[in-house]
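# Residue-level structure breakdown
Chain by chain, the residues run as shown.
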Amino acid sequence: MQQQNQQHQLQQQQQQASNGSSEVQQNGMGQTDGCEGNTAESQNGVREEESSPKLSVVQQEMVRLIGQHLVELGLKKSAELLMSESGCRLDHPAAARFRHCVMDGEWAKAEAALSELRTMLDDPSSLKEMRFLLLEQKYLELLEGGQAMDALTCLRSQLTPLQHNMDRVHQLSSLMFMSNPEELRAAAHWTGMGKDSRKELMDRLQHFLPPSIMLPPHRLETLILQAVEQQRTQCAYHNTRSDSQVSRGSDDDCIQRYAKVLGSGGSLLMDHSCSRNAFPGTTVQILSDHCDEVWIARFSPDGSKLATGSKDSTVIIWDVDPETLTVTRRFTLDGHSYGVVYLAWSPDSSKLIVCLQEEAAELVVWDTERGEQICKVSNSPDDSLTCAAWHKDSRKFVCGGMRGQFYQCDLEGHILDSWEGVRVQCLAIQNDGKTVLASDTHHRIRGYHFDEVQDHNIIQEDHSIMSFTLDNTGNYALLNVANQGVHLWDLRNRTLVRKFRGLTQGHYTIHSCFGGDNQDFVASGSEDNKVYIWHHRRELPVVTLVGHTRTVNCVTWNPRYPAMVASVSDDATVRIWGPAPQYRGTSSSQNGTSATSNGRESESPTSHMFLSNGAAV
């Protein structure tokens, strides 16, 4: 009899060895947390000569991450074999049972398994929230399944007594008499009964469990995407939008999520690196249509047009070709009495304010679609209106100058409000649509509320602020400061973030800009005839563009086509900069994202210059 029992036990062990542990087979998960160690014969039926390797804690965690990812991909048998061979377990047995019950919709067993996990929770108070989520799913599935009485019992005797999230309980009770499943799902903000909603529920429940008990959902994928994003952050030439925060869908969307994050040509097999030849650094076009010094240039907000203004009092409107990154002359706006010192596009890209030299007593608003003048603003022959900024509605704007004029106007040329005694050097309007920022002769930027007649100090510099601009969020300002250069300020915290080095800035008015697909870059002209481009996290320039022969007065970055930059100079030319020819044409090729195992493409961001013809050296 004893011999028969021994044979029977041996057969059972061999059966376990061929099939994996019973817990693994049932749930697609391993038996234990970490490795079991090398024993004469493991619980999985592995003999001493085939025993599991001795793995460190980090190695055990890596095995668990791989196993979880295999399960998420539907490769459960591979995960079972991995767990069996390594002697590790994916989740704690109680957590594995809990997952199994949730995915099978066995709500009573799920609550019992949850009770087993009570002592393992980092925060015991989260037990009530987990129970609530379970019962909510149970209630909704009963409703959709037509079991109204059972659903009512669940609501009254289980959900309500919890006295948790009562607003949601009241909302759930209002669903009781909905017979249409689609209507029910929409009202409950729920995907419906079945595997998908239960998986979403399980993902939410997992966040309450310590990772030693049950891994957070999609943990390996999350780590990989974080690593890719970190590499992109360190890349000096990365000029494409970050998609690491892509919303999650089903597991079938995994490939699409990776593709969006990696970009065209990216790979997980090698380190991320963008070629500098894909970055704006080559002269694409030189425009010599102006007859005198060119002082200002601005791309329209939609990126379809470029406006340039010069000392000869003319403004030229150019049409942008996004495929070739070139511009063609559309028409000339002339009739101005003095040189053009500032241009401001309306947010809808249809109108342009032209500000003239200090001697002029007026500014002009143009319709850039038809090339017609809309209005002039002139209050007094003693006025000086050398800067302007639009409100969001493209129907009102503010303007001012160094002689103390500061007005709010409409498209009829009427002055709606005025602020006396403020000598304005440059203007911008924050995203709240109310706060007007103005730099003045006291080396500061102040905020003004015309409606409330209030003002307050925001930034104080030690030298004159020659010009400034805001990023898309309105939270950061880029200042050109006399004898100092370009400074980046955090407006929310009112702190100086960075002083960019390299350029030459005296007392000339030079206009800098934010740029790139994420506005990760800063560009400015310089009195040494060069264009400097910095990554916003670096003090030294990543690219220096050589080609102009006199002071570069303004740089503007196309907001829609991030591979396109324009600069204007006292040499009377406008230069359009873009990537090397092989990277032009389509948005994907402009990205220039590549992957290298050793990062050879990522040369030192300060180790190169560009020749006058735009060739990289």
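Residues numbered from 1 in each chain as written. Predicted model: local features only at pLDDT ≥ 70, side-chain atom pairs only at ≥ 80, totals over all residues. Heavy atoms only, no water.

## Observations regarding the side chain of Glu144
Relative to the helices and strands, Glu144 is located in helix α7 (residues 126-144). Relative accessible area serves as the criterion here: at 18%, Glu144 is assigned to the buried category. A polar side-chain atom of Glu144 sits 3.4 Å from the main-chain amide nitrogen of Met193. For Glu144, the residues in contact, after removing those within four places along its chain, are Pro181, Leu184, Arg185, Trp190, Gly192 and Met193. (Helix = DSSP H or I, 4+ residues; strand = E, 2+ residues; numbered from the N terminus. Buried < 20%, exposed > 50% of the residue type's maximum accessible area, 1.4 Å probe, protein only. Polar contact = N/O pair within 3.5 Å; in protein donor to acceptor, adjacent residues only side chain to side chain. Contact = heavy atoms within 4.5 Å.)

## Focus on the environment of Phe397
Turning to its location among the elements, Phe397 is positioned in strand β12 (residues 396-400). Along the backbone, Phe397 and Gln408 are eleven residues apart, and their C-alpha atoms lie at a distance of 5.8 Å.

## Examining the sheet that holds strand β16 (residues 435-440)
Pairing is antiparallel in the open sheet, where four strands are placed in the order β15-β16-β17-β18. Two strands bound the open sheet, and with one partner strand each, they are β15 (424-429) and β18 (454-460). Sheet twist, expressed as the average angle between the axes of neighbouring strands with direction ignored, equals 25 degrees. Direction of pairing for β15 relative to β16: antiparallel, over a ladder of five bridges. Within the sheet, the bridge partner assigned to Ile429 lies in β16 and is Val436. (Pairing = 2+ DSSP bridges. Axes fitted to C-alpha atoms, helices over the stretch in contact; angles between N-to-C directions.)

## Looking at helix α6 (residues 107-116)
Within the span of α6, buried status applies to Trp107, Ala110, Glu111, Ala113 and Leu114. Looking down the long axis of α6, one finds its buried residues gathered within 165 degrees of arc, a one-sided arrangement. Of the exposed residues in α6, the ones pointing more than 90 degrees away from its buried face are Ala108 and Lys109. Residues of α6 that are buried in the fold lie against α5 (93-104), α7, α8 (148-159) and α11 (195-206). (Arc of directions from axis to C-beta.)

So far we have only geometry, and geometry alone does not tell us how the molecule works.
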